[in-house]
Amino acid sequence: MIYQKHIGPAETHLLEAAKEFQKCMQCGKCRSVCPVFKEIGNELYVARGKNKLAEKIVSGDLQITDRVKDAINECLNCKTCSANCPAGVSPEHVVLRLRWYITCKEGLGFFKALIFRQIIWRKWPTTIGAISVGVVHRLLFGIGPKNPARYLFPLFGFSKRRFFPTLALRTGQSQYPEVVPSKKGQPIKRIGYFTGCAGNLIYTNVVKSVVDILTGYGYEVVIPKGQKCSGTPVLANGDYDGARMLMEHNFNLFRRYNLDAIVVACSSCGLALKKEIKLFMDDSEELRQFCDKVYDINEFIEEEIKFKEDELGKLDYKVSYHDPCHLVRGQDISAEPRNILKRIPGVQFIEMKDAAVCCGSAGSYCLTHYDTSIKINNHKVKNIQDANVDYVATACPTCVMHIQDNLLQHDSLEQAKFVVEILADSLRVAGTIE
Ligand code: SF4
Ligand code: SF4
């Protein structure tokens, strides 16, 4: 039993997992909601099975084998099980603790250590790598998305069916000074902007939309150049210490700027900075103040900006909305992005079926478990097609990436876009922002 052994960092993760799985009544309700279980149908892959598995590891009845690791890695961290569990269990935390436990016991391994502790931590290799991929992508796919160059993808471990977004040739952060002044004179507030890696390296139009909206409405926007990854992919892949280093870095960095609020346009980064950081850092008044200042951009806009009718231009768009797991269940935000879309003149908002069901992307899950993630996403694409819209709006880069990929695979014309981009389109049509 763990209770009789020496308690080191690894065992601490098991004790934290035990606090959760001990609440499980084994009722099986999670079987009816888990997206992975619905596709694979194996008890080991559902929350109840994972709780049982964790219990056996803690009691010493089960060793960490490849099959056990496979079961632990088959989880989207979508939080659907915890949102529906009658006993209040958070199985995704059991899963994360087991991943962290295994890394403590077995080490990170060469590739994860290289990626998390060098490439992501140092940031510049990620930036140079992304820009280089952006150049190669344009050269190879210049003649269109069905270019046969995709037959090279399996050499790099990717499915040849896959459609990747085009990476930026210039990062979002480098397009602005560190402090972007208000366009309305004296600033109302000083807002920090955590762009996230996807905003910085891929979806730079989201960065532009956020900056244009906030500065256009009289806010000063601070984009600290030293910001690093929020730690989300690192923590999800078992590297507790790597994620802690990143979170401590961003916490110490943003605190230096005397900010009134920090906005994030990525649901997973927002969750990391608002809540998950508390799993990695000791509780303190400073930490609580920091977390209280973090807002998803949709939440911030809804709370802060009072749009006048003539400030929003008409867009003849039919739009639906997909709830990212880390926004709807991670941060309890669902009405705000919908309200923004419904307020835009001309936008016809159509609620799709199962909007809050996971799209299967789950950050790096759609890299490591592509076939299952696409099976899960097929339901999402069907619901988007049935809604008969031009755009599916959302608030998470990996959801945009994964949904757009599968829409293209289905030859569907709908486009995935961020809510904040559609809002910026409307404000530009009216001439409210540039
Ligand atoms: S995790 Fe919750 S829903 Fe699933 S079996 Fe346990 S108590 Fe039931
Ligand atoms: S977090 Fe999602 S994928 Fe993981 S066990 Fe729960 S419902 Fe299944």
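## So, the pairing of strand 2 (residues 190–194)
Strand residues, when the strand is regular, have side chains that alternate between the two faces of the sheet.
Thinking step 1. Where burial is concerned, most of strand 2 is hidden: 4 out of the 5 residues are buried.
Thinking step 2. Inspection of the sheet shows strand 2 paired to strand 3 (residues 220–222) by 3 bridges, in the parallel sense. Within strand 3, the position partnered with G192 by the bridge is V222.
Thinking step 3. Bridge count between strand 2 and strand 4 (residues 261–264): 4 bridges; the pairing is parallel. By the bridge assignment, F194 is partnered in strand 4 with V264.

## Section: the environment of A261
Thinking step 1. For A261, the location among the structural elements is in strand 4.
Thinking step 2. Placed 57 residues apart in sequence, A261 and K318 show a C-alpha to C-alpha distance of 32 Å.
Thinking step 3. Not counting chain neighbours up to four residues away, the residues in contact with A261 comprise K189, I191, K293, Y295 and F300.

## Thoughts on the site of ligand 2
Thinking step 1. Lining the immediate surroundings of ligand 2 are 13 residues, of which C34, C75, L76, C78 and C81 lie closest.
Thinking step 2. Looking at the shell around ligand 2, the elements that each hand over two or more residues are helix 2 (35–40), helix 5 (80–84) and helix 6 (91–106).
Thinking step 3. Along the lines of polarity and charge, the residues of the shell around ligand 2 split into 9 nonpolar, 2 polar and 2 charged.

## Quick word on the environment of K417
Thinking step 1. Among the secondary structure elements, K417 is positioned in strand 9 (residues 415–418).
Thinking step 2. Each C-alpha atom, one on K417 and one on A393, is 4.9 Å from the other, the two residues being 24 residues apart in sequence.
Thinking step 3. In contact with K417, other than residues within four places in its own chain, are Y391, A393 and I422.

## Here we look at the nonpolar core
Thinking step 1. Ranked by internal contacts, the top residues of the largest apolar core, which has 117 residues, are V210, V264 and V420.
Thinking step 2. Leave out the neighbours within four places in its chain, and V264 touches F194, G196, C269, G270, L273, V294, D296 and I297.

## Comments concerning the domain arrangement of the protein chain
Thinking step 1. Taken domain by domain, the protein chain holds domain 1 (2–105), domain 2 (108–306) and domain 3 (311–429).
Thinking step 2. On a C-alpha basis, the centres of domain 1 and domain 2 stand 29 Å from each other.

## A short note on the sheet that holds strand 9
Thinking step 1. Reading across from one edge, 7-6-8-9 is the order of the 4 strands in this open sheet, with parallel pairing throughout. Strands with a single pairing partner mark the edges of an open sheet, and in this sheet they are strand 7 (348–349) and strand 9.
Thinking step 2. Of the pairings in the sheet, the one linking strand 6 (residues 318–321) to strand 7 comprises 2 bridges and is parallel in character. The partner of K318 across the bridge, within strand 7, is Q348.

## Thoughts on the sheet that holds strand 1 (residues 179–180)
Thinking step 1. The strand order across the open sheet formed by 5 strands is 1-3-2-4-5, and the pairing between neighbours is mixed. Looking along the sheet, the strands with just one partner apiece sit at the ends: strand 1 and strand 5 (294–296).
Thinking step 2. Two elements, strand 4 and strand 5, share 3 bridges in a ladder whose sense is parallel. Bridge pairing in strand 5 places I262 opposite V294.

## Some points on the site of ligand 1
Thinking step 1. Within the structure, ligand 1 sits among 15 residues, and C24, C27, C30, R48 and C85 are positioned closest to it.
Thinking step 2. Residue classes in the shell around ligand 1 are distributed as 10 nonpolar, 3 polar and 2 charged.

The rules behind these values
- Residues numbered from 1 in each chain as written.
- Chains lettered and ligands numbered in written order.
- Predicted model: local features only at pLDDT ≥ 70, side-chain atom pairs only at ≥ 80, totals over all residues.
- Buried ≥ 20, exposed ≤ 12 C-beta atoms within 10 Å, placed from the backbone.
- Helix = DSSP H or I, 4+ residues; strand = E, 2+ residues; numbered from the N terminus.
- Pairing = 2+ DSSP bridges.
- Contact = placed C-beta atoms within 7 Å.
- Near = placed C-beta within 6 Å.
- Nonpolar A, V, L, I, M, F, W, Y, C, P; charged D, E, K, R; others polar.
- Core = buried A, V, L, I, M, F, W, Y, C linked by C-beta atoms within 7 Å.
- Domains from an automatic or database assignment.

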